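Here are the chains, one letter per residue:
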2 protein chains.
Amino acid sequence: MTKINCWVDYNETCDFTIYNLPFGIFSTNSEKRVGVAIGDKVLDLEALNQSGGFNDFNFDESIFISEYLNDFIALGKETTTRIRLAVQAILADETSQFKDSGILHDQDKVKMHLPVNVGDYTDFYSSIEHATNVGMMFRDPENALLPNWRHIPVGYHGRASSIVESGVPVTRPYGQLKPEDSPPVYSPTKRLDFELEMAFIIGKQTALGQTLTTQTAEDYIFGQVLFNDWSARDVQKWEYVPLGPFLAKSFASSISPWVVTMDALDSFRIDGPKQQPEVLPYLRYEGPKNFDIALEVGITPENGAETVVSKSNFKYMYWNMAQQLTHHTMNGCPVNIGDMMASGTISGKDKGSYGSMLELSWAGKNPVQLNDGSTRTFINDLDTVTMRGHAEKDGVRVGFGSVATQVLPATAN
Amino acid sequence: MTKINCWVDYNETCDFTIYNLPFGIFSTNSEKRVGVAIGDKVLDLEALNQSGGFNDFNFDESIFISEYLNDFIALGKETTTRIRLAVQAILADETSQFKDSGILHDQDKVKMHLPVNVGDYTDFYSSIEHATNVGMMFRDPENALLPNWRHIPVGYHGRASSIVESGVPVTRPYGQLKPEDSPPVYSPTKRLDFELEMAFIIGKQTALGQTLTTQTAEDYIFGQVLFNDWSARDVQKWEYVPLGPFLAKSFASSISPWVVTMDALDSFRIDGPKQQPEVLPYLRYEGPKNFDIALEVGITPENGAETVVSKSNFKYMYWNMAQQLTHHTMNGCPVNIGDMMASGTISGKDKGSYGSMLELSWAGKNPVQLNDGSTRTFINDLDTVTMRGHAEKDGVRVGFGSVATQVLPATAN
């Protein structure tokens, strides 16, 4: 990769290098605007536009003043890619006229918001290690992986209305729990869990009846975020047969605020696991469609220090995004800009790479040790769960920042 | 009920009497507007507003020019109820100044559209007869009803993007099918089915963390529509374990275009089935919360006449809407205006009241006879499926009109 200099100072090990330039929605006052992260700054695209930075472009003057990125994404990948490259050229130009034009804000002085208005949200289940672990615990250890798993990128519809951005606290939810030998009870969940996931955001809509192929699917993906699919394991266990997870998941899902574009991730492609038995023709693909993105999860007790409890990688995914989206549209189901599709929990082979407390503590049997001497089987009240992710190759780093969420105690009902 | 005269002529057995006055989105040109159905006419609320019909109201002048009812519903039930009553008073007044002011269109000359922008869509599974029938066929005849069914209004998240209005044809979808003793195949579904459902539309949003009670839940429901939850049974069978139905349902759901308000349905309340064992306290309720709404499904072959294949009733629901919505929000999951929550297939005890071909043909074993001598196990290409619903009491009728959908052959992929 050609080395690119940048007149914004940052440490080369930071997530938001000039090779990244993710988009997000920020505010410094009551007006939400589109920004780009660079180092520990936010580049204000509206301010840059006002200064004449996009004179060569032909779009609605107010495109960067928006509640969500949806209208921006709707400009189309050709335009958003050009915008990103224009920003990159400006940041690389030591003599840029925009250098001192007040287009930068300190990241720690702006408020970040949900980047997109999510129409529909789908959660896949595409890590073979996770599906196997869950199958061993919830069903049959001898037949952990269900017969359809290697043929279908299994997924289900999730709840879009409870997707929140990093920093929004999550309250321990109530639910129906079923003690072993007595009737169900109404109670706050006793098994609150995270799920380490990534989610991609649809960048181009399809019509009812339109299908995509593994060759075209990535053209419909704008970028990705970190995704914490909060789960209440005891609620899930009692409710999920036969129609799947419902209230066990719908109380909240937390995402990182910066959308890292597929353009920025392109250098980090890698081959995925071999799929055996061979998949049906509509799911076959060519070229590397997995991405080498290092992931980690930390738990920070109230007033304590963080312990990293999991180190995983997006490259472990058995089913890649192109296959997921191709499958999703095979029946003509339309996708819209801003739709979010999450990977499912991303676990690796080693215990230290499991992406949920369910797996890390093996359903509560093996408590996880934190640095302060305390242990966790699931997540405690006032714990903060932080997920991070970044790709790195040949000294170039492209990262996602983090999604950090504190758990608040259940409120009396 | 007090008899109300109406200066628009209609037959008393029509669905859109002066006691009904449902809201919908219609167009006569490129502009979509809010209308009210009366007899075989559409009352144009924008035209009525322009003529001074709402001079006593204080709302945005352009409220009736809209792609969807969402902004109208967001006025709040107090206002939308007042608007409905104002329309009723005008239609009842033989001397109304608006009688000859060109505020009516012929229903058969306007185009109806999707009434709301659906944020999230949830499908419940609340008919005990349907759940028992499906359990007998798909799982264990001896234990057809799963242990959680009488404790939880079981539901799952569906796909909002493929909800379409009556009249939009549905193309037979492709999917993965699993023949008994061979690997899965890529094929158009061979078991295309309807599901006779009703859906309620959220009229008031809740915040993340907010819970509703069975006493307050109905205040958050604006009205109802007929809902055909198209299903591909062979796709469903292969994909649905463990995370529930996905592509078997997401290719399309069809709804009737007129939203019948809870106000209009209030006279048709009826007690629901006794719930045994007693439900948890948060699901207990007082007063009649079921609704006596007669439902029917007809199949019309290409160039043929319709055969009514099912006559059911919304009153059969084991779980009522207040319980469904209370359960849905028990974990703090927010609901938004326009969200749709469907009942699940509404089957009664008798064979003639089953709400799907799966049940009517008992998984294909007992073909259903049509009047033209042909038979159906599932739905054929070019068949039109029509659902209708109406409530009637003391000579007063309030109906939903219909949702009619033709099935087109699968397109070569």
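Residues numbered from 1 in each chain as written. Chains lettered and ligands numbered in written order. Predicted model: local features only at pLDDT ≥ 70, side-chain atom pairs only at ≥ 80, totals over all residues. Heavy atoms only, no water.

*Asks:* How do you make sense of the packing of aromatic side chains when you look at a structure like this?
*Replies:* The way to describe two aromatic rings as a pair is by their centre distance and the angle between their planes. Tallying each qualifying case throughout the model produces 36 aromatic pairs over all chains. Ring plane angle 40° and centroid distance 6.1 Å describe the contact between A:Phe23 and A:Phe222, whose orientation is recorded as tilted. Taken together, the residues A:Phe23 in strand β1 (residues 23-27) and A:Phe222 in strand β14 (residues 221-228) connect sequence positions 199 residues apart. Each member of the pair A:Phe23 and A:Phe222 is classed as buried. Here the aromatic cluster, defined as three or more aromatic residues joined through ring pairs, consists of A:Phe23, A:Phe54, A:Phe57, A:Phe59, A:Phe64, A:Phe72 and A:Phe222. When the ring centre of B:Phe57 is taken as origin, the NZ or CZ atom of B:Arg82, which lies over that ring, is 4.1 Å away. Above the face of the B:Trp238 ring, B:Lys178 is positioned so that its terminal group lies 5.9 Å from the ring centre. (Phe/Tyr/Trp six-rings, centres within 6.5 Å; stacked < 30°, edge-to-face > 60°. Helix = DSSP H or I, 4+ residues; strand = E, 2+ residues; numbered from the N terminus. Buried < 20%, exposed > 50% of the residue type's maximum accessible area, 1.4 Å probe, protein only. Lys NZ or Arg CZ within 6 Å of the ring centre and 35° of its normal.)

*Asks:* Hey, could you run me through the interface of chain A and chain B in this one?
*Replies:* How big an interface is tends to be expressed through the accessible area that disappears when the partners come together. Facing 57 residues of chain A, the contacting portion of chain B comprises 57 residues. Here chain A and chain B share an interface that buries about 5200 Å² over both sides, 65% of which is from carbon and sulfur atoms. Taken together, chain A and chain B are joined by 4 salt bridges. Where chain A meets chain B, there are 23 residue pairs in polar contact (both at pLDDT 80 or more). The element that contributes the greatest number of residues to the side of chain A that touches chain B is strand β7 (residues 155-158) of chain A, accounting for 4 residues. Grouping the amino acids of the side of chain A that touches chain B by side-chain chemistry returns 33 nonpolar, 19 polar and 5 charged. (Contact = heavy atoms within 4.5 Å. Buried area = accessible area lost by both parts, 1.4 Å probe. Salt bridge = Lys/Arg side-chain N within 4 Å of Asp/Glu carboxyl O. Polar contact = N/O pair within 3.5 Å; in protein donor to acceptor, adjacent residues only side chain to side chain. Nonpolar A, V, L, I, M, F, W, Y, C, P; charged D, E, K, R; others polar.)

*Asks:* Whenever I open this one, the environment of A:Cys333 confuses me. Can you help?
*Replies:* Mapped onto the elements, A:Cys333 comes out in the loop between α7 (321-329) and β22 (340-342). Each C-alpha atom of the pair A:Cys333 and A:Ala207 lies 7.9 Å from the other, and the pair is 126 residues apart in sequence.

*Asks:* What is the right way to look at the pattern of salt bridges in this model?
*Replies:* Should the charged atoms of two oppositely charged side chains come close, the side chains can pair. Residue and element names in this part refer to chain A. Scanning the entire structure with this criterion turns up 48 salt bridges over all chains. The salt bridge involving arginine 269 is made with aspartate 266; its shortest N-O contact spans 2.7 Å. Residue class for arginine 269 comes out partly exposed when judged on its relative accessible area of 24%. A residue is classified by how much of its surface remains accessible, and aspartate 266, at 42% relative accessible area, is partly exposed. Connected via shared salt-bridge partners are Asp193, Glu195, Asp229, Arg233 and Lys249.

*Asks:* Help me understand the relation of the copies chain A and chain B, please; the structure alone is not making it clear to me.
*Replies:* The relation between the two chain copies is a rotation about an axis coupled with a shift along that axis. With an RMSD of 0.0 Å, chain A superimposes on chain B once it is rotated by 180° and translated 0.0 Å along the axis. Given the turn and translation reported, the copies of this chain are related as if by a two-fold rotation axis. By C-alpha distance to the rotation axis, the residue of chain A lying nearest is A:Gly244, at 2.1 Å. Both copies present the same face, since 100% of the interface residues in chain A are matched by interface residues at the equivalent positions in chain B. (Least-squares fit on C-alpha atoms with pLDDT ≥ 70 in both.)

*Asks:* Would you mind showing me how to read the sheet that holds strand β21 (residues 307-313) of chain B here?
*Replies:* Residue and element names in this part refer to chain B. With mixed pairing, the 5 strands of this open sheet are ordered in space as β9-β26-β25-β20-β21. On the outer flanks of this sheet lie β9 (170-171) and β21, each paired with one strand and no other. Across 2 bridges, the pairing between β9 and strand β26 (residues 396-408) is parallel. When the bridges of β26 are listed, threonine 171 appears paired with leucine 408. (Pairing = 2+ DSSP bridges.)

*Asks:* What's the story with the sheet that holds strand β3 (residues 41-44) of chain B in this structure? I'm lost.
*Replies:* Strand pairs in the sheet, formed through backbone hydrogen bonds, run parallel or antiparallel to each other. All names here are of chain B. What the 5 strands build is an open sheet, ordered β4-β3-β2-β1-β5; its pairing is antiparallel. In the strand order of this sheet, the two ends are held by β4 (104-106) and β5 (111-113), each with one partner. Averaged over all adjacent pairs, the angle separating strand axes in this sheet is 50°, with direction ignored. As paired elements, β3 and β4 share 3 bridges and run antiparallel to each other. Bridge pairing in β4 places valine 42 opposite histidine 105. Of the strands in this sheet, β1 (23-27), β2 (32-38) and β3 touch helix α3 (residues 77-92), which is tilted by about 70° from β1. (Axes fitted to C-alpha atoms, helices over the stretch in contact; angles between N-to-C directions.)

Functional significance is not addressed by these values, which are geometric in nature.
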